[in-house]
Amino acid sequence: MLYTELLKLWDDSVQAIDKRDWVGALEKMAQISEPTSRTLFNAAAAHLALGQLEQALRALDLTIAKDERLAVGFFQRAVVMMEMGRLEEALSDCIWAQKHMRGNPLIDYKQLGLRYKLHSWQVLYNAAAVYCRMGQWEQAVDVLLSSSQERGAVGAVAGLRSGNIEAAVESVQKKQALVPLLVPEGVVFRPRKQDVEQLQQRDFLGKAKVISSMIPNDDFGGFEPLREQKPGYYEPKVDGPQGSRYMRMRVPYMGRGPGQLTVPGGAMVFLFGEEDRDGMATVIYDGQKGLLPASLLEPADIKLSKGKKENSIPSGIPLPPHLKPPSRPQAHSGPAASPQGHLGSDTPPPSYINATHSVPAAAEPPKYTANAAVDQQVSLAEAADPGSVVVKIHYSYTMALSVPLDATYQQLKERIALKLNQLPSQLRLRHKQHGSRILTPLGEDEGRTIQEVAEAGRVTLWCQKEDPLENRPILYQMVALYDYSAQGPEDLEFSEGETIDILGEVNEEWLEGHCGGNVGIFPSCFAYKENNAEATPSSEF
């Protein structure tokens, strides 16, 4: 159960004990599904007050099971055992209580919520009472004499009925049984006052209060449900000409100063503010707020009819514009265009995907994104020359080129470098073979044209700027399975789907690779090798 629920029931039971309502206290503690050692001790105290020794003993057994080092629990159970005639067990509890005193003359349980101090001499006194009931009077005298030697016993023993330890010894010598000591009735474990105060809900913000309203002719100062509004204007409720703030212009007026309105005669305006010192009043006319002479205004007699209530007031305060989610413009798909939302083999890896932005509403002038512009270029290129190939290049941005079918790889690379304003030797072109996720570099073999890798008149390439590897042969290539963040300066960082050139094997778990112009090591389990993912230094482009 929640600690707040436990705390509430615990506090309620303690309040019932203070009122000597032992049954009510037991009912509250019975509702605690997960009792603690302190609540069980309180239940035992309530049973003892009712004279229920069996129930008190059962509760003390559970108390000691919860806290095996609670000396006051053994001390209390020893008295119950003594009352039930189980003297051997009572003597054993006295011994355990003395052991858990740990050589201290007393234990103050105030910090745990029990306003009681258990003295070591009290435990020995109860042990002597057990010996008296067992008929071992000499042993009882010895225990009493040892209790008088305990530290702090001089002032404490003064509270005994006999007045001093000698009187107790004399009573034992006369074979008069001693009355055992017990935790006083009503002394129980209490929850912390600070915790109980936290149970009460506090209103830190206070009560809300409406000071003014933006709705015209609204003098309500409290809370009310939202008024049903109609698109266009607010329509304040009016009772007639006397309570109306709608005024009619007696004669035409032309604005002569800043903030003044030009209003024809007979026009109806809404009185927004009171008359100022200059005799000008703030009004609203035709959706505009401005100043008019108050002497030219007269109350308007508004007669509202049920059938024409909507059009009775021609002007007012406009409502905010009605917002609708923007609709996506219909794209003009070409004959070879792929369906929208389909991710084929031309889809770039995650590291190259650019974030797209929402398209404005169709009513606004079309503002195309970068991908939309590329698709438009592709459509125009196909329409311009059917004998050419449209090449879509993923760089830091996406662009499209139209090249002849017989263009070689080197010619294509030079055109892309010119377009990107880069040196051809610093660019690296890769493509995906059909049915594979790996990015394979385009070779530099003479005579190989772009038509060999074209499909349906299109080619998708990934372009990367990087410094050439000097005297480092590429053993094979692998594809990244997951994103890997560098843990040190020597690590190679890459993203899922990127192709990694393997330069060497450090050990069985680490590889040295090249990706994105960087060289470093990475765990081999973060990438996988395809059967056809092999390359040679001469095939690098």
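Notes on the structure follow. (Residues numbered from 1 in each chain as written. Predicted model: local features only at pLDDT ≥ 70, side-chain atom pairs only at ≥ 80, totals over all residues. Heavy atoms only, no water.)

The next thing to look at is the overall build of the protein. From N to C terminus, the protein includes 13 helices and 17 strands. Here the protein holds 541 residues, and the buried ones make up 39% of them. In the protein, once contacts between residues fewer than 6 apart in sequence are set aside, the share between residues at least 24 apart is 59%. Working note: accessible area of the protein is about 33,000 Å², and carbon and sulfur atoms make up 50% of it. (Helix = DSSP H or I, 4+ residues; strand = E, 2+ residues; numbered from the N terminus. Buried < 20%, exposed > 50% of the residue type's maximum accessible area, 1.4 Å probe, protein only. Contact = heavy atoms within 4.5 Å. Areas by Shrake-Rupley, 256 points an atom, 1.4 Å probe, with all protein chains shown as cover.)

Evaluated as defined, the whole model comprises seven aromatic pairs. Between Phe74 and Trp96, the ring centres sit 6.3 Å apart and the planes meet at 25°, which makes this aromatic pair stacked. With Phe74 in helix H5 (residues 71-83) and Trp96 in helix H6 (residues 87-99), this pair connects stretches of sequence that are 22 residues apart. What makes Phe74 buried here is its relative accessible area of 6%. Ring plane angle 65° and centroid distance 5.1 Å describe the contact between Tyr246 and Phe270, whose orientation is recorded as edge-to-face. Pair noted here: Tyr246 is in strand S3 (residues 246-249) and Phe270 is in strand S4 (residues 268-271), with a separation of 24 residues, a long-range link. For Phe270, a relative accessible area of 4% translates into the label buried. Through a chain of ring-to-ring contacts, three or more aromatic side chains come together here, namely Tyr482, Tyr484, Phe494, Phe522 and Phe526. Positioned over the ring face of Tyr476 is Lys529, at 4.0 Å from the centre of the ring. (Phe/Tyr/Trp six-rings, centres within 6.5 Å; stacked < 30°, edge-to-face > 60°. Lys NZ or Arg CZ within 6 Å of the ring centre and 35° of its normal.)

What follows is about the sheet that holds strand S16 (residues 518-523). Reading across from one edge, S16-S15-S14-S13-S17 is the order of the five strands in this open sheet, with antiparallel pairing throughout. In this open sheet, the two edge strands, each paired with only one partner strand, are S16 and strand S17 (527-528). Taken together, the two bridges between strand S13 (residues 476-480) and S17 define a ladder with antiparallel strand orientation. Its bridge partner being in S17, Val479 is matched across the sheet by Tyr528. (Pairing = 2+ DSSP bridges.)

With that settled, the discussion passes to unusual backbone geometry. Phi at Arg102 is positive, roughly 55°, even though this residue is not glycine. On the secondary structure map, Arg102 appears in the loop between H6 and strand S1 (106-108). The phi angle at Asn421 is positive, at roughly 60°, despite the residue not being glycine. Turning to its location among the elements, Asn421 is positioned in the loop between helix H13 (409-420) and strand S10 (427-432).

Burial runs high along strand S9 (residues 398-404): five of the seven residues are buried. Adjacent in sequence and paired antiparallel, strand S8 (residues 388-394) and S9 are bridged by three residues.

Looking at where Val169 falls in the secondary structure, it is placed in helix H10 (residues 165-173). Dropping the residues within four chain positions of it, Val169 is found in contact with Val141, Leu144 and Leu145.

What follows covers the sheet that holds S3. In space, the five strands of this open sheet follow the order S6-S5-S4-S3-S7, with antiparallel pairing throughout. Pairing within the sheet leaves two strands with one partner each, and these edge strands are strand S6 (288-293) and strand S7 (297-299). Averaged over all pairs of adjacent strands, the angle between strand axes in this sheet comes to 50°, irrespective of strand direction. In the sheet, strand S5 (residues 280-285) pairs with S6 via six bridges, with the strands oriented antiparallel. (Axes fitted to C-alpha atoms, helices over the stretch in contact; angles between N-to-C directions.)

Where H5 contacts H6, the two axes come as close as 8 Å, and the packing angle between them is 165°. One finds that H5 runs roughly antiparallel with respect to H6. For the element pair H5 and H6, the recorded crossing hand is left-handed. Residues Ala71, Phe74, Phe75, Arg77, Ala78, Met81 and Met82 of H5 form the contact with H6, whose own contacting residues are Leu87, Glu89, Ala90, Asp93, Cys94, Trp96 and Ala97. Its residues assigned to classes, the contact of H5 with H6 shows 11 nonpolar, no polar and three charged. (Parallel < 35°, antiparallel > 145°, perpendicular 65-115°, else oblique. Left-handed = near helix turned anticlockwise from the far one by under 90°. Nonpolar A, V, L, I, M, F, W, Y, C, P; charged D, E, K, R; others polar.)

For H13, with 12 residues, the first-to-last C-alpha span of 16 Å sits near the 16 Å given by 1.5 Å per residue. Looking only at H13, the buried set comprises Tyr409, Leu412, Lys413, Ile416, Ala417 and Leu420. Projection of H13 onto a plane perpendicular to its axis shows the buried side chains occupying an angular sector of 135°, all on one side. For H13, the exposed residues lying more than 90 degrees away from the buried face are Leu418 and Lys419. Among the structural elements, S8, S9, S10 and strand S12 (458-465) are those in contact with the buried residues of H13. (Expected span 1.5 Å × (residues − 1). Arc of directions from axis to C-beta.)

This part is about the pattern of salt bridges. In total, this model carries eight salt bridges according to the counting rule given. Of the charged contacts in the structure, one is a salt bridge between Asp12 and Lys8, with a shortest N-O distance of 2.9 Å. Here Asp12 and its partner Lys8 are both found in helix H1 (residues 3-18), four residues apart, which amounts to about one turn of the helix. On the basis of relative accessibility, which here comes to 17%, the residue Asp12 falls in the buried class. Residue Lys8 is classed as partly exposed on the basis of its relative accessible area of 41%. Ionic pairing is found between Glu185 and Arg20, a salt bridge with its closest N-O pair at 3.8 Å. (Salt bridge = Lys/Arg side-chain N within 4 Å of Asp/Glu carboxyl O.)

Our focus in this paragraph is the nonpolar core. With 50 residues, the main nonpolar core has Val72, Tyr109, Leu118, Leu144, Val172 and Leu178 as its most contacted residues. Those elements that place two or more of their residues in this core are H1, helix H3 (37-49), helix H4 (53-66), H5, H6, helix H7 (120-134), helix H8 (137-148) and H10. Examining the composition of this core, we find that 10 residues originate from one element, H7, more than from any other. Counting residues in each nonpolar core, the second largest holds 21 residues, with Val391, Leu401, Ala407 and Leu461 among its members. (Core = buried A, V, L, I, M, F, W, Y, C linked by side-chain atoms within 4.5 Å.)

Take the environment of Gln410 next. Here Gln410 is to be found in helix H13. Overall, the relative accessible area of 34% leaves Gln410 in the partly exposed class. Expressed as a C-alpha distance, the spacing of Gln410 and Arg448, which sit 38 residues apart in the sequence, is 9.2 Å.

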